[in-house]
Structures are given as structure tokens and as C-alpha cells.
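So the chains spell out like this:
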Amino acid sequence: GLPGEFWTVDFAYKPSGAETGTVLDSFFLWKGTYTDNNDRVQWQKYRTFELKNLFKTPDDNEPYIPGNVNIAFSPDGKWGWISLFADQDNNDAEGEDNVIWDAQPWFWYTNDGGKTWSEDPMILNLREMSGIVDSIKTQYLSEGGDTLLSTGIPMVLGDNDIIVDKNGNPHLLCRFANASN
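Residues numbered from 1 in each chain as written. Predicted model: local features only at pLDDT ≥ 70, side-chain atom pairs only at ≥ 80, totals over all residues. Heavy atoms only, no water.

Observations regarding the overall build of the protein chain
Per the secondary structure count, the protein chain includes one helix and nine strands. Beginning at the N terminus, the succession of helices and strands in the protein chain can be written as β-β-β-β-β-β-β-α-β-β. Out of the 181 residues belonging to the protein chain, those deemed buried represent 37%. When contacts within the protein chain are restricted to residue pairs at least 6 apart in sequence, long-range pairs at least 24 apart make up 51% of them. Carbon and sulfur atoms form 47% of the exposed surface of the protein chain, whose accessible area is close to 10,800 Å². (Helix = DSSP H or I, 4+ residues; strand = E, 2+ residues; numbered from the N terminus. Buried < 20%, exposed > 50% of the residue type's maximum accessible area, 1.4 Å probe, protein only. Contact = heavy atoms within 4.5 Å. Areas by Shrake-Rupley, 256 points an atom, 1.4 Å probe, with all protein chains shown as cover.)

Pasting the structure below:
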């Protein structure tokens with residue numbers, strides 16, 4: 001962020017024991033401001049982002065837990081990007097018998113140093129990225145290379161990181177895997 005400002009994000013969480021709990025369907029954006037008089041950063045919850053239409057499990061209709069929320073700003077502090085991995089409940093196009101969990105990168109942004117943020121996420125549909133789709137398919141071919149041994153649908157997997165360049169463009173570092181059903 002801007003000089004003297006700090007930003008972080010964290011999921012809304014419902015504790016259910018000393019070291020357990022449940023991630024809920026939203027995350028918090030926290031803003032910290034450095035204060036000279038006590039040499040500390042004062043934190044305040046700046047905004048709550050609701051994650052709408054999360055994919056539900058077929059068995060108990062519970063949303064799959066989103067993961068890996070991150071935030072980064074451009075060097076001048078003007079552009080900020082938040083990224084996370086989640087699966088939007090859009091699998092009806094695949095048919096009811098083919099319910100596939102395929103987490104995708106979701107992004108929100110600011111172009112005014114964090115004063116305002118985009119309301120809805122931009123969701124990167126990995127199914128539309130032929131280079132990623134082709135890579136996933138070739139990783140899961142039979143030994144003879146003639147039979148696809150997977151769904152062939154890409155998803156993000158594991159940890160990630162995001163950086164923002166001097167032009168305000170986000171760069172997401174992550175791994176891709178084969179979606180499962």
C-alpha cells in the first residue's frame with residue numbers, strides 16, 4: 001500500500017475448539033496504519049468480501065472451503081490485488097451427473113490505493129486457457145498416449161503468491177492440477 005499503510009486479508013473463521021474451526025463464506029480486508037507516537041501499527045477491519053455462489057458438496061450441500069487468500073500492491077501503492085482460490089457453483093452446464101470441483105483463481109482490485117475495491121470478483125476460467133488445458137491433458141494420458149485418464153479440466157492447487165508490477169498488473173504464481181469429481 002501507500003507509505004505508512006499495511007494491508008492483509010484473512011478468512012472469516014468460526015472456531016469450534018481450541019485448535020479447530022470452519023472457514024466461512026467470506027474474508028476480511030484489514031488495513032494497518034503506522035503511528036509514530038507509539039511506534040505501532042493500528043489495525044482495523046476495512047471491509048468484508050462475501051464469496052457468493054460457492055460450489056456445494058453433492059452429499060451435504062456444504063460449500064467447499066476456499067483457499068489461499070493473498071494481497072499485493074504495485075510499487076507506487078496505487079494498484080492492489082487480492083487473489084484466492086474457490087469454486088463457483090457453475091457446474092450445471094456439465095450436467096447433474098458430472099459434478100466437478102475445479103477451483104479457479106478469483107481476483108478483486110483497487111486502483112486508488114485501497115480506498116475502493118471492486119465489488120465482484122474477476123474469476124479466471126482455466127477451462128478457457130488452451131495452454132493450461134493441453135498441459136493437464138498430456139500429464140494424464142495412458143502409457144500409450146491414446147487414453148485420457150482424467151477429467152482434463154484444470155484447477156489451481158496448493159499455495160500461491162501474487163505480486164503487482166509497476167503498471168498495476170497482477171502476476172499469480174500457482175500450480176495447476178487435474179480437477180476431480
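Having seen the structure, we can now continue with the description.
Quick notes on the sheet that holds strand E6 (residues 104-110)
Pairing is antiparallel across the open sheet formed by four strands, whose spatial order is E4-E5-E6-E7. Two strands in the sheet have a free side with no partner beyond their single neighbour: strand E4 (67-73) and strand E7 (122-123). As judged from the seven bridges shared by strand E5 (residues 80-86) and E6, these two strands associate in the antiparallel manner. Among the inter-strand pairings, isoleucine 82 is bridged to a residue of E6, identified as tryptophan 108. (Pairing = 2+ DSSP bridges.)

Side note on the environment of proline 170
Following the sequence through the fold, proline 170 ends up in strand E9 (residues 170-178). Through-space distance from the C-alpha of proline 170 to that of alanine 72 is 8.3 Å; in sequence the pair is 98 residues apart. With near-sequence residues (within four places) excluded, proline 170 lies in contact with Trp81, Ile162, Ile163 and Val164.

Brief notes about the pairing of strand E8 (residues 154-164)
Note: E8 against E9, eight bridges, orientation antiparallel. Residue pairing for E9: proline 154 is matched across the bridge by asparagine 178. What sits between E8 and E9 in their antiparallel hairpin is a turn of five residues, with glycine 168 showing a positive phi close to 90°.

Considering the side chain of asparagine 70
With respect to the helices, strands and loops of the structure, asparagine 70 is situated in strand E4. Those residues in contact with asparagine 70 that lie beyond four places of it in its chain are Val9, Trp81, Ile82, Ser83, Asn160, Asp161 and Ile162.

A closer look at the pattern of salt bridges
Tallied over the full model, the rule gives two salt bridges. One salt bridge in this structure joins glutamate 5 and lysine 31, with 3.4 Å as the shortest N-O distance. Placement of glutamate 5 in strand E1 (residues 5-15) and of lysine 31 in strand E2 (residues 21-35) is noted, with a sequence separation of 26 residues between them. With a closest N to O distance of 3.3 Å, glutamate 119 and arginine 47 form a salt bridge. Here the residue glutamate 119 occupies a position in the loop between E6 and E7, and arginine 47 occupies one in strand E3 (residues 40-50), the gap between them amounting to 72 residues. What makes arginine 47 buried here is its relative accessible area of 18%. (Salt bridge = Lys/Arg side-chain N within 4 Å of Asp/Glu carboxyl O.)

Some details on the packing of aromatic side chains
Tallied over the entire structure, the rule returns twelve aromatic pairs. With centroids separated by 6.2 Å and ring planes inclined at 45°, the aromatic side chains of tryptophan 106 and tryptophan 108 adopt a geometry described as tilted. Accessibility assignment for this pair places tryptophan 106 and tryptophan 108 in one class, buried. Taking NZ or CZ as reference, lysine 45 lies 4.1 Å from the ring centre of phenylalanine 28, over its face. (Phe/Tyr/Trp six-rings, centres within 6.5 Å; stacked < 30°, edge-to-face > 60°. Lys NZ or Arg CZ within 6 Å of the ring centre and 35° of its normal.)

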